[in-house]
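Understanding the architecture of this molecule
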Amino acid sequence: MLLCVDVGNSHITLGLYPDEPEDAAEVWPRPVRDLRMRTDPGMTADELDVAFRALLGDHAERVTGVAAAATVPSLLRELRLLLERRDHPTVIVGPGVRTGMPLLVDNPKEVGADRLMNTLAAHRLFGTACVTVDFGTCTNVDVVSAKGEFLGGALAPGIEISLDALATRTAALRPVELVRPRSVIGKNTVECLQSGVLYGFAGQVDGLVRRIIAELGAKAGPVTVVGTGGLAPLMAGVSDTITEFVPDLTLLGLRATYLRNARSTSVTSGSTNSAPDVSGRAAR
């Protein structure tokens, strides 16, 4: 089975998928297991190994390939060390890995692997121009054309870190549970905070998406707006522009990249294992 690993700033997400040839694989398969653990930048390769095995349980011995991406440099290094011990095919997303997605930005190497995987998966799923909105530590709004070209996007502080900063920098406010309040007009401090955060961020996202769609113009054709990330289920209910919700969008992008790369070499990733084409031109 294929293990997809997305190492984010706040959480590490694991998805276990059937390992199939690309011509036989479903575009949108459901993971056999979908697991999440807290990100600790100080973890070693050995600690990651123990944590992954504990989460996967009996499924750990059934893993035949791994696709991974990391936005935390210290954990990317340890992840490489861990996967170098494995005999099965491995793809670690980074400069040099083929994704089939041209990157039409000033510096392709600056684009985070999670952003690439989100847009790649969205385009494969819906076949249109897409705007992906990833509600994580950072709110990533990214754009892929109808031709499958990564066009860039917008980055904003994430919901949880904004709420934490508000509680830290104000004497009378405190962290609150992120749930939908009874009304936009809060009747107490907790509801006021919930309203301001949820509807405020929904307004931010909707404003960005509408400006992006206007900038793309009519020539872009239909545009699908896809929400993903830990808080996407909550935000999708208050956003006017998000039309689709795919919880494992990043993992699906990793799976697609693995199927494209791992058949050609036993191990792939940047300089030592296997990784995406970030040259700015169409990938091979």
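Owing to the predicted nature of the structure, the values given are computational and were not obtained by experimental measurement.

1. Brief notes about the packing of helix H4 (residues 159-169) against helix H5 (residues 189-216)
- H5 packs onto H4 with a crossing angle of 145° between their chain directions and a minimal axis gap of 11 Å. In this structure, the crossing between H4 and H5 has a hand that is right-handed. Residues Ile159, Ser162, Leu163 and Leu166 of H4 form the contact with H5, whose participating residues are Leu193, Val197 and Phe201.
- Taken together, the residues of the contact of H4 with H5 sort by class into six nonpolar, one polar and no charged.

2. Here's the deal with the environment of Ala121
- Here Ala121 shows up in helix H3 (residues 113-126).
- Among the residues examined, Ala121 registers a relative accessible area of 4% and is labelled buried.
- With 135 residues separating them along the chain, Ala121 and Ala256 place their C-alpha atoms 7.4 Å apart.

3. Structural notes on the pattern of salt bridges
- Scanning the entire structure with this criterion turns up eight salt bridges.
- Note that Glu191 and Arg182 form a salt bridge whose closest N and O atoms lie 2.5 Å from each other.
- Classification of Glu191 by relative accessible area gives buried; the value is 9%.
- Classification of Arg182 as exposed rests on a relative accessible area of 65%.

4. Things to note about the packing of helix H1 (residues 45-56) against helix H2 (residues 73-84)
- In contact at an axis separation of 8 Å, H1 and H2 are set at 70° when each is read in the N-to-C sense. Between H1 and H2, the angle falls in the class roughly perpendicular. Contact residues: Ala45, Leu48, Asp49 and Phe52 in H1; Leu75, Glu78, Leu79, Leu81 and Leu82 in H2.
- Of the residues in the contact of H1 with H2, the class split is seven nonpolar, no polar and two charged.

5. Comments concerning the sheet that holds strand S10 (residues 244-245)
- A sheet is described by the order of its strands in space; here five strands give the open sequence S8-S7-S6-S9-S10, paired in mixed fashion. Edge positions in the sheet fall to strand S8 (150-157) and S10, since each has one partner strand and no second.
- Relative to S8, strand S7 (residues 138-144) runs antiparallel, the two being bridged by seven bridges. Residue Val141 lies in a different strand from S8, and its bridge partner there is Ala154.

6. Let's talk about the nonpolar core
- Grouped together as the largest cluster of nonpolar side chains are 31 residues, with contacts concentrated most on Cys4, Leu249, Leu254 and Tyr258.
- Going through the elements one at a time, strand S1 (2-7), strand S4 (65-70), H3 and helix H7 (249-261) are the ones with two or more residues in this core.
- Beyond its immediate stretch of four places on either side in the chain, Leu254 contacts Cys4, Val5, Asp6, Ala67, Ala68, Ala69, Val93 and Met117.
- Judged by nonpolar contacts, the second largest core, of 26 residues, contains Ile12, Val66, Leu79 and Leu82.

7. Some thoughts on the pairing of S4
- With six of six residues buried, S4 lies mostly within the body of the structure.
- As judged from the six bridges shared by S1 and S4, these two strands associate in the parallel manner. Among the inter-strand pairings, Cys4 is bridged to a residue of S4, identified as Ala67.
- One ladder, built from three bridges, connects S4 with strand S5 (residues 90-92); its direction is parallel. Paired with Ala67 across the two strands is Val91, which belongs to S5.

8. A short note on the side chain of Asp206
- Here Asp206 shows up in helix H5.
- The side chain of Asp206 sits in the buried core without any salt bridge; Arg210 is the nearest counter-charge, 4.6 Å away.
- Dropping the residues within four chain positions of it, Asp206 is found in contact with Val238, Ser239, Asp240 and Thr241.

9. Digging into the side chain of Ser239
- Residue position: Ser239 is located in the loop between helix H6 (232-236) and S10.
- Polar contacts involving the side chain of Ser239 include one to the side chain of Asp206, which spans 2.7 Å.
- A polar contact of 3.3 Å, which involves the side chain of Ser239, links it to the backbone nitrogen of Ile242.
- Residues contacting Ser239, with those up to four places away along its chain left out, are Ala202 and Asp206.

10. Things to note about H1
- The terminal C-alpha atoms of H1, which comprises twelve residues, lie 16 Å apart, in line with the 16 Å expected from a rise of 1.5 Å per residue.
- Where H1 is concerned, the buried positions are Ala45, Leu48, Asp49, Ala51, Phe52 and Leu56.
- Looking at the buried side of H1, the elements it contacts are S1, strand S2 (11-17), strand S3 (33-38) and H2.
- Once H1 finishes, Gly57 follows within two positions and takes phi at roughly 60°, a positive value.

The rules behind the values
Residues numbered from 1 in each chain as written. Predicted model: local features only at pLDDT ≥ 70, side-chain atom pairs only at ≥ 80, totals over all residues. Heavy atoms only, no water. Axes fitted to C-alpha atoms, helices over the stretch in contact; angles between N-to-C directions. Helix = DSSP H or I, 4+ residues; strand = E, 2+ residues; numbered from the N terminus. Left-handed = near helix turned anticlockwise from the far one by under 90°. Contact = heavy atoms within 4.5 Å. Nonpolar A, V, L, I, M, F, W, Y, C, P; charged D, E, K, R; others polar. Buried < 20%, exposed > 50% of the residue type's maximum accessible area, 1.4 Å probe, protein only. Salt bridge = Lys/Arg side-chain N within 4 Å of Asp/Glu carboxyl O. Parallel < 35°, antiparallel > 145°, perpendicular 65-115°, else oblique. Pairing = 2+ DSSP bridges. Core = buried A, V, L, I, M, F, W, Y, C linked by side-chain atoms within 4.5 Å. Lys, Arg positive; Asp, Glu negative; His and termini not counted. Polar contact = N/O pair within 3.5 Å; in protein donor to acceptor, adjacent residues only side chain to side chain. Expected span 1.5 Å × (residues − 1).

These figures capture arrangement, not role.
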